[in-house]
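Examining the three-dimensional arrangement
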Amino acid sequence: MSENARGCSDGSCTRESCAGCEHSKESMLEQLNQYSSIKNVIGIVSGKGGVGKSFVTAMLAVLLNRKGYRVGILDADITGPSIPRMFGITGKASANEFGLLPELTVNNIKIMSVNLLLDKEDSPVVWRGPILAGTVKQFWTDVVWEELDYLFIDMPPGTGDVPLTVFQSIPLDGIVIVSSPQDLVSMIVKKAYNMAKLMNIPILGYVENMSYVKCPDCGKEIPIFGESKLGEIASETGVDILGRIPIDPVLASLVDKGEFERFSCDYLNGAAEHIEKCMK
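Calculation rules
- Residues numbered from 1 in each chain as written.
- Predicted model: local features only at pLDDT ≥ 70, side-chain atom pairs only at ≥ 80, totals over all residues.
- Heavy atoms only, no water.
- Axes fitted to C-alpha atoms, helices over the stretch in contact; angles between N-to-C directions.
- Helix = DSSP H or I, 4+ residues; strand = E, 2+ residues; numbered from the N terminus.
- Parallel < 35°, antiparallel > 145°, perpendicular 65-115°, else oblique.
- Left-handed = near helix turned anticlockwise from the far one by under 90°.
- Contact = heavy atoms within 4.5 Å.
- 1 Å grid on protein atoms, 1.4 Å probe; cavity = no way out; pocket = protein on both sides within 12 Å on 5 of 7 lines; lining within 4 Å.
- Points joined across faces, edges and corners; volume = space filled by probe spheres on them.
- Pairing = 2+ DSSP bridges.
- Expected span 1.5 Å × (residues − 1).
- Buried < 20%, exposed > 50% of the residue type's maximum accessible area, 1.4 Å probe, protein only.
- Polar contact = N/O pair within 3.5 Å; in protein donor to acceptor, adjacent residues only side chain to side chain.
- pLDDT = per-residue confidence, 0-100.

Time to look at the packing of helix H2 (residues 53-66) against helix H9 (residues 269-279). Where H2 contacts H9, the two axes come as close as 9 Å, and the packing angle between them is 65°. In terms of their interaxial angle, H2 and H9 are classed as roughly perpendicular. Helix-helix and strand crossings are classified by hand; for H2 and H9 the assignment is right-handed. Touching Leu60, Leu63 and Leu64 of H2 are Asn269, Ala271, Ala272 and Ile275, all from H9.

Here is the structure:
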């Protein structure tokens, strides 16, 4: 039986009924803002919250920015936005006749987040799914990103409505799946992996956060959440582990101060190089 599109092999799909096939993807993609040009779009995802997607998103964005690339971050975690705080951005997004204008970090990383549109950053976003999904689409269609080499999308957790909207509405070139060492999270990683496969989104690799803590006296690495299972998942799925990030009080302090661009660790240098190589 011939395959008429990726993810659709029986020849009977319609653009509305087959969510995973190329026909559906083409019909549902939103048009990028006409004053923007983005070469590579990378989603940072996980199957659950609290594993550090925003942290990994921010670190990869800074590392690619340090390599001289033009980088932006689309904060798609509408109900739990944290990107502006990490970079010390307290101003509000403005607009002109061409669309919304992203805010800039100290080193000119462009950022758009719902927290840049709220009166107060601690105001809750009590919106239903369709409005959340529509807001993410607007960050793609209505924001004047201008020219970017990389746009990182900090995805909301899970495999529900808003992640599905991003997968179907924005042309992702690849995703990075974020995990932590707990056994429960290993199961959740597979959910994110299977969703990406269903939607025909390339998986660039895994990043494990909170892998260990290093003893300040002897330097021993202590796996406080138990031994990692990510190696087993990587072998099973054939996806590379791009990096492991420990619990680092220095990084936590930089986040709290809004000075994340000042970090000097090399935990994800290999991940940034891998992304750079894959996207060329």
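Still more ground to cover, so stick around.
Moving on, we come to empty space enclosed by the protein. If you roll a probe as big as a water molecule over the atoms, it shows you where there is empty space left. Summed over the entire model, instances satisfying the criterion amount to one cavity of 30 Å³ or more. Volume-wise, the largest cavity comes out at about 50 Å³. Forming the boundary of the largest cavity are Val45, Ser46, Met155, Pro156, Gly158, Thr159, Pro163, Phe167, Ala192 and Met195. The set of elements that each furnish at least two residues to the lining of the largest cavity consists of helix H5 (161-169) and helix H6 (183-198).

Moving on to the sheet that holds strand S12 (residues 241-245). One open sheet accounts for eight strands, arranged S5-S6-S2-S7-S1-S8-S9-S12; its pairing is mixed. With partners counted over all chains shown, the strands left at the sheet margins are strand S5 (103-104) and S12, one partner each. Across four bridges, the pairing between strand S1 (residues 37-45) and strand S8 (residues 174-179) is parallel. Looking across to S8, one finds that valine 45 is bridged to isoleucine 177.

This brings us to helix H4 (residues 129-141). With 13 residues, H4 ought to run about 18 Å at 1.5 Å a step, and its terminal C-alpha atoms sit 18 Å apart, in line with that. Within H4, the full set of buried residues consists of Leu132, Ala133, Thr135, Val136, Phe139, Trp140 and Thr141. Tucked inside the fold, the buried residues of H4 contact S1, strand S2 (71-75), strand S6 (110-112), strand S7 (147-154) and H5.

Now for the side chain of asparagine 33. Mapping asparagine 33 onto the fold places it in the loop between helix H1 (22-28) and S1. Within the structure, asparagine 33 has its side chain in polar contact with the backbone nitrogen of tyrosine 35 (distance 2.8 Å). Look past the residues within four positions of asparagine 33 in its chain and what remains in contact with it is Phe98, Trp140, Thr141, Asp142, Val143 and Val144.

For the protein, per-residue confidence averages 87 on the pLDDT scale, and residues scoring 70 or more make up 90% of the total. Mean pLDDT across the elements of the protein ranges from a minimum in H1, with 60, to a maximum in S7, with 98. In this model, residues 1-7 is a region of pLDDT below 50 whose contacts with residues beyond four sequence positions or in other chains number 21 contacts.

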